[in-house]
Amino acid sequence: MKEKIHLTGYTEAELIAFVEQLGQPAYRGRQIFAALQHRRLRSFEKMTDLPKDFRQQLEQHSTASTLTIESRYISQDGTRRYLMKTHDDRPVETVFIPEERRDTICFSSQSGCPLQCTFCLTAQLGLLRSLTAAEIVEQIIVALNDAYGVGVQPPKGTNLVGMGAGEPFLNFESLIHALRVINDPKGLHIVPKRITISTAGIVPRIHELAAMTDRPHLAVSLAAPTDELRNELMPINRKWPLDQLLAACKEFEKTLKPGELLTFEYVMLDKVNDSDEQARQLANLLNRHGLRAKVNLIPHNPAEPLPYLPSPSERVDTFQSILETKGIHTYVRKPRGRDIYAACGQLAARRELRTSPQISQI
Ligand code: SF4
């Protein structure tokens, strides 16, 4: 049987073209876009402003949802992790992080990940497959509907980070398409300046992103100040070593808006990459490339069977002050959702936790 088209990944213009092919007027496409993206409906049945026979016609060719929610885990700190399934039974994980002034949704771009970062649990799944644009958009819809109710406008701003499972730049086309849908003021209306995409260092895509007019922010995961150590922790470094990666970042820097900084993520692994000497090496590396950047230090989130421990907090503080003495803006990221395997590097479709009570209709 032919696979149904998942309309949640369509822009308004694409939906108009789609309905016109079915012999319907353009405004029906606009109605469907609003129902999917503004009212955040996940079934045609609920789109009662559409004639019944048209809804039946839609059902034959297309769908408004393909993800099923398998479990929802709620952390003591309020973070929520959703473990979902695609129609072909691949795990998809999304994390909702409530904060005082805004919420952040961390979405996945792939099911599993082909990169082999040794500090990351997702790596152990390998790549199951890349997600479609619609599957990326639907993750945001599920998280917002669960947090606030179906279609209820979020009371605070929503930030998006592409830091869940997968390397977003290895699924570039679907990612960019999804962002176009998400940006639309008639839909979710989450604008590029509220979106950060993180990469392990896919250099050609950094150049491509830099060339986009309305692009999201960029974060680069570094994890090591030397090629020798980075080759070990993030094997993608063998393909694009630090000098090439930072040269691409330097190019990207030309596109930064006033006040915007490049972000480098640095996971802190006890006795692996957290010495004073390594802090100096990192500062020298960034200063040598003269980058307008900040560094986020991320205490490692321990997870069996990963062989690392998080750096003790005094170590993180010393590392931070060495970087700052050398003129690098440095922040320490507070871990969120560690108890439910929702924190950075922990997404690996874990099921063994007790799930929260029955999920209401999202
Ligand atoms: S850290 Fe990111 S890029 Fe590396 S294996 Fe994990 S999900 Fe993939």
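The written sequence of each chain sets the order in which its residues are numbered from 1. Residues qualify for local features only when their pLDDT is at least 70, as the model is predicted, and side-chain atom pairs are given and counted only at 80 or more; totals for whole chains, interfaces and linings, by contrast, use all residues. Heavy atoms from the whole structure form the basis of all side-chain values; hydrogens and water molecules are not counted.

### With respect to the overall build of the chain
Defined as follows: Working definition: helices are DSSP H or I runs of at least four residues, strands are E runs of at least two. Numbering for both runs from the N terminus. C-alpha atoms define the radius of gyration, and 2.2 Å times the number of residues to the power 0.38 defines the globule rule. Residue contacts are counted whenever heavy atoms from the two residues lie within 4.5 Å of one another. Under the convention used here, a 1.4 Å probe and the Shrake-Rupley method define accessible areas, while residue burial counts only the protein chains that appear. His is not counted, nor are the chain ends, whereas Lys and Arg count as positive and Asp and Glu as negative. For charged residues, the charge sits on one atom: NZ in Lys, CZ in Arg, CG in Asp, CD in Glu.
A tally of helices and strands in the chain yields 10 helices and 14 strands. In terms of overall size, the chain behaves like a compact globule, its C-alpha atoms giving a radius of gyration of 21 Å where 362 residues would be expected to give roughly 21 Å. In terms of its C-alpha atoms, the chain occupies a principal-axis envelope of roughly 70 × 45 × 40 Å. Long-range pairs, those at least 24 residues apart, make up 68% of the contacts in the chain between residues at least 6 apart in sequence. For the chain, the accessible area works out to roughly 15,800 Å², and carbon and sulfur atoms hold 50% of it. If you average the places of the 45 positive and of the 42 negative side-chain charges in the chain, the two averages end up 3 Å apart.

### Focus on helix α9 (residues 276-288)
As a reminder, the rule being used: Take the number of residues in a helix, subtract one, and multiply by 1.5 Å to get its expected span.
With 13 residues, α9 should reach 18 Å at 1.5 Å per residue; the first-to-last C-alpha distance of 18 Å fits that figure. Trailing α9 by a residue or two, G290 shows a phi angle of about 55°, which is positive.

### A few points about the packing of aromatic side chains
To keep it simple, the criterion reads: Only the six-membered ring of Trp is used, alongside the rings of Phe and Tyr, when aromatic pairs are assigned; centres must lie within 6.5 Å, and planes under 30 degrees apart are stacked while those over 60 apart are edge-to-face, with the rest tilted. Exposed residues in this analysis have more than 50% of their type's maximum accessible area, buried residues have under 20%, and partly exposed residues fall in between, with area computed by a 1.4 Å probe over protein chains only. Charge over a ring is defined by NZ of Lys or CZ of Arg lying within 6 Å of the ring centre and within 35 degrees of the ring normal.
Counted according to the given criterion, the structure contains four aromatic pairs. Each ring, one from Y10 and one from F18, has its centre 6.1 Å from the other, and the planes form 85°; the classification is edge-to-face. Residue class for F18 comes out buried when judged on its relative accessible area of 6%. One cation-aromatic arrangement involves K294 over Y331; the distance from NZ or CZ to the ring centre is 5.7 Å.

### Observations regarding the side chain of R28
Under the convention used in this document: Any Lys or Arg side-chain nitrogen located within 4 Å of an Asp or Glu carboxyl oxygen qualifies as a salt bridge.
Structurally, R28 can be placed in helix α2 (residues 26-38). No salt bridge forms around the buried R28; measuring N to O, its nearest opposite-charge neighbour D49 is 6.7 Å away. For R28, the contacting residues outside a window of four places in its chain are V19, D49, L50, P51 and F54.

### Here's the deal with the site of the ligand
The test is simple: In these notes, residues near a molecule or strand are those with any non-hydrogen atom within 4 Å of it. For this scheme, ten residues count as nonpolar: Ala, Val, Leu, Ile, Met, Phe, Trp, Tyr, Cys and Pro. Four count as charged, namely Asp, Glu, Lys and Arg, and the remainder, Gly too, count as polar.
With respect to spatial proximity, the complete set of residues near the ligand consists of C113, L115, C117, C120, A123, G166 and A200. Of the residues belonging to the shell around the ligand, the class tally is six nonpolar, one polar and no charged.

### Digging into the packing of helix α1 (residues 12-21) against α2
Helix-helix packing is described using two parameters, namely the angle between the two axes and the distance between the axes. Threshold: Fitting a line to C-alpha atoms yields each axis, with helices limited to the stretch in contact; the angle taken between N-to-C directions then spans 0 to 180 degrees. Orientation is classified from the angle alone, with under 35 degrees giving roughly parallel, over 145 giving roughly antiparallel, 65 to 115 giving roughly perpendicular, and any other angle giving oblique. With the far helix as reference, a near helix turned anticlockwise by less than a right angle produces a left-handed crossing, and one turned clockwise produces a right-handed crossing.
It is the contact of α1 with α2, at a shortest axis distance of 7 Å, that shows an interaxial angle of 130°. For the element pair α1 / α2, the angle class is oblique. Of the two possible hands of crossing, α1 and α2 adopt the one that is right-handed. In contact with E12, L15, I16, V19 and E20 of α1, α2 contributes A26, R28, G29, R30, I32, F33 and L36. Grouping the amino acids of the contact of α1 with α2 by side-chain chemistry returns seven nonpolar, one polar and four charged.

### Considering the sheet that holds strand β14 (residues 329-332)
Basically, it comes down to this: What makes two strands pair is DSSP finding at least two bridges between them.
Ordered by their spatial adjacency, 10 strands build an open sheet running β3-β4-β5-β6-β9-β10-β11-β12-β13-β14, and the pairing between neighbours is mixed. One side of each edge strand has no neighbouring strand; the edge strands of this open sheet are β3 (68-74) and β14. On average, each strand axis in the sheet is inclined to that of its neighbour by 20°, with strand direction left out of account. The pairing of β3 with strand β4 (residues 80-85) spans six bridges and is antiparallel. Within the sheet, the bridge partner assigned to I69 lies in β4 and is M84.

### Observations regarding unusual backbone geometry
A negative phi angle characterises most non-glycine residues, just as the trans form characterises most peptide bonds. Phi is positive for H189, which is not a glycine, with a value near 55°. Position of H189 among the secondary structure elements: in the loop between α5 (172-183) and β10 (195-199). Taking relative accessible area as the criterion, H189 reaches 42% and is therefore assigned partly exposed. We note that K271 has phi near 60°; this positive angle belongs to a residue other than glycine. With respect to the element layout, K271 can be found in the loop between β12 (262-268) and α9. A relative accessible area of 73% means that K271 is categorised as exposed.

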